[in-house]
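# Close look at the chain arrangement
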Amino acid sequence: MIPARCLTTCEDDEEDNTRVALILGEKPVCGIKNLLMAPKIKLSSGYEMPMRGYQCLTAIHCAVETGFRHFDTAYVHENEREVGEALRTQIQMGNVSRENIFLTTKLWNIHHDPRDVRRICEKQLEALGFDYIDLYLMHFPVGFTHLCDEILYPKQDDKVQLSDVDYIDTWRAMEELVKLGMVRSIGVSNFNMEQVQRIIQCSSSKPVVNQVEVWPGFMQKDLVDYCRYNGIVVTAYAPIGQPDRETHTPIYFFSEGMRRLVKKYKRTPAQIVLRYLIDYGVVPIPKAANPLHIKENLNIFDFQLTEEDRRLLKGIKPKDRLMKFEEAAEHPFYPFEREDERDRRTEEFEKEDGTPKRASAAAPADGPAEGEEGGE
């Protein structure tokens, strides 16, 4: 079980706390109880990360005032300046302190050359307007050719131009950022087990986090177990599975099984899934712009799923990953199954017993598709 501890408590009339800053001296809109129940998780670097994250879109102010303290963005999102401005405004308003914010951003693929790492991190710090980054992730193990900082997907003949930079060399340059105090912790994103193991074997420090796609139809159990064994926290992007009301996908989210869970727990499908992932031992980071959904996403710590219901969710038939990054599929560092490997795995799965069919029939979800957008 990944270690996590609850935030310290404070009285209802307190304006501030070393762990939680209340909004202008009033209770957070999600209720102080839920804020104080939201646990933190200890990283191997010694720092603590809130177990409920938020992928930054347009609703930073609402997220802070709701009670979120963990914010996730990236260079490729091209919104670091806006994210930093919103967070600094909240700090200036007295709604939160910098010490209570956990800010994650990422090194994009065009900056894998070790000579670029410090320079671009300095540029990101300038855009964010902060002195340090809490968690800095290598976004992907495959590097792209660097033409300039503004061309995120360098192409020739309509194909992304890939570089031959070894991610180990990139990682070692990131380690220097920690020594310089520019970032507090470093990690990776979209790395497979072999790649994480190679970093552990070839470097002086291991990643504190591996941010990967995890949702009920794509649980990546082997990778999650491996990371847990090595003291690496897994953060889960696209944790709901990108529900779409028009196509009613993923099926589990709109199933009769999920409707039963919604009725039983009096929660939305998204809340049920996020609670399930917390119990699974990963840190989900959903995207939401609707203030109601932002509030709901934090309000998941005052109920628990029964073991029977967790098994029901666990039994959902495995699906393909949503984010394939196929433009990098020809690179030797491509971390995912290629199309032919996926087809072979699917054929093998379909030859097995009817367990997947039973699980699929029992599996969950109708309800408001909480506005989650794509992954990383």
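Just so we're clear, the structure is a prediction, and the values are computed from it rather than from any experiment. (Residues numbered from 1 in each chain as written. Predicted model: local features only at pLDDT ≥ 70, side-chain atom pairs only at ≥ 80, totals over all residues. Heavy atoms only, no water.)

Attention now goes to the overall build of the protein. Helix and strand counts for the protein come out as 13 helices and 13 strands. The burial tally for the protein puts 56% of its 376 residues in the buried class. If you take every contact in the protein between residues at least 6 apart in sequence, the share linking residues at least 24 apart comes to 73%. About 16,700 Å² of surface is accessible on the protein, with carbon and sulfur atoms providing 49% of the total. (Helix = DSSP H or I, 4+ residues; strand = E, 2+ residues; numbered from the N terminus. Buried < 20%, exposed > 50% of the residue type's maximum accessible area, 1.4 Å probe, protein only. Contact = heavy atoms within 4.5 Å. Areas by Shrake-Rupley, 256 points an atom, 1.4 Å probe, with all protein chains shown as cover.)

Take the confidence of the model for the protein next. Per-residue pLDDT for the protein averages 82, and the proportion of residues at 70 or more is 77%. Predicted confidence for residues 1–37 stays below pLDDT 50, and this span has 83 contacts to residues more than four positions away or in other chains. Counting interchain partners and residues more than four positions distant, the pLDDT-below-50 stretch residues 51–57 has 52 contacts. (pLDDT = per-residue confidence, 0-100.)

For the rest of this paragraph, the subject is unusual backbone geometry. In this structure, Pro250 follows Thr249 across a cis peptide bond, with omega equal to -10°. Within the element layout of this structure, Pro250 appears in the loop between strand S12 (233–237) and helix H8 (256–265). Despite not being glycine, Glu78 shows a phi value in the positive range, around 55°. Along the chain, Glu78 turns up in the loop between strand S5 (70–72) and helix H3 (80–92). Looking at Glu78, the relative accessible area reads 61%, which means it is exposed. In the Ramachandran plot, Asp157 falls in the positive-phi region, its phi being about 55° despite a non-glycine side chain. Its place among the elements puts Asp157 in the loop between strand S8 (155–156) and strand S9 (159–160). Residue classification places Asp157 among the exposed positions, given a relative accessible area of 70%.

The next point concerns the nonpolar core. In terms of nonpolar packing, the biggest core is built from 91 residues, with Phe71, Leu87, Tyr136 and Val214 touching the most fellow members. For this core, the leading source of residues is helix H9 (residues 269–280), giving eight residues. Leu43, Met49, Leu135 and Val208 belong to the second-largest nonpolar core, a separate cluster that totals ten residues. (Core = buried A, V, L, I, M, F, W, Y, C linked by side-chain atoms within 4.5 Å.)

We now examine the side chain of Ser163. Position of Ser163 relative to the elements: it lies in the loop between S9 and helix H5 (167–179). A residue is classified by how much of its surface remains accessible, and Ser163, at 14% relative accessible area, is buried. Other than its neighbours up to four places away in sequence, Ser163 contacts Gly143, Phe144, Thr145 and His331.

Two faces, one strand: in a regular strand the side chains alternate between the faces of the sheet. Within strand S7 (residues 133–138), six of the six residues are buried, which leaves the element mostly enclosed by the surrounding structure. With four bridges joining them, strand S6 (residues 102–107) and S7 adopt parallel strand pairing. Pairing of Thr105 across the sheet is with Tyr136, part of S7. Tracing the backbone out of S6, into helix H4 (residues 114–128) and back to the parallel element S7 gives a crossover that is right-handed. Examined bridge by bridge, S7 and strand S10 (residues 183–189) share five bridges and lie parallel to one another. Of the residues in S10, the one forming a bridge with Leu135 is Ser185. (Pairing = 2+ DSSP bridges. Right-handed = clockwise from strand over helix to strand, strands pointing away.)

Attention now moves to H5. In this model H5 runs 19 Å from its N-terminal to its C-terminal C-alpha over 13 residues, within 8% of the 18 Å that 1.5 Å per residue would give. Of all the residues in H5, the buried ones are Tyr167, Ile168, Thr170, Trp171, Ala173, Met174, Glu175 and Leu177. Where H5 is buried, its residues contact S6, H4, S7, S10 and helix H6 (193–202). Capping of H5 at its N-terminal end is provided by Asp166; its side-chain oxygen lies 2.9 Å from the backbone amide nitrogen of Ile168. After H5 finishes, the residue Gly181 shows a positive phi value of roughly 80°. (Expected span 1.5 Å × (residues − 1). Polar contact = N/O pair within 3.5 Å; in protein donor to acceptor, adjacent residues only side chain to side chain.)

Glancing now at the packing of aromatic side chains. Scanning the model with the defined rule gives 14 aromatic pairs in all. Relative to Phe333, the ring of Tyr167 has its centre 4.9 Å away and its plane inclined at 70°; by these criteria the two rings are edge-to-face. Pair noted here: Tyr167 is in helix H5 and Phe333 is in the loop between helix H11 (307–314) and helix H12 (339–350), with a separation of 166 residues, a long-range link. On the basis of relative accessible area, Tyr167 is assigned to the buried category, the value being 2%. On the basis of relative accessible area, Phe333 is assigned to the buried category, the value being 18%. For the cation-ring pair, Arg98 lies above Tyr132, with the distance from its terminal atom to the ring centre recorded as 4.1 Å. (Phe/Tyr/Trp six-rings, centres within 6.5 Å; stacked < 30°, edge-to-face > 60°. Lys NZ or Arg CZ within 6 Å of the ring centre and 35° of its normal.)

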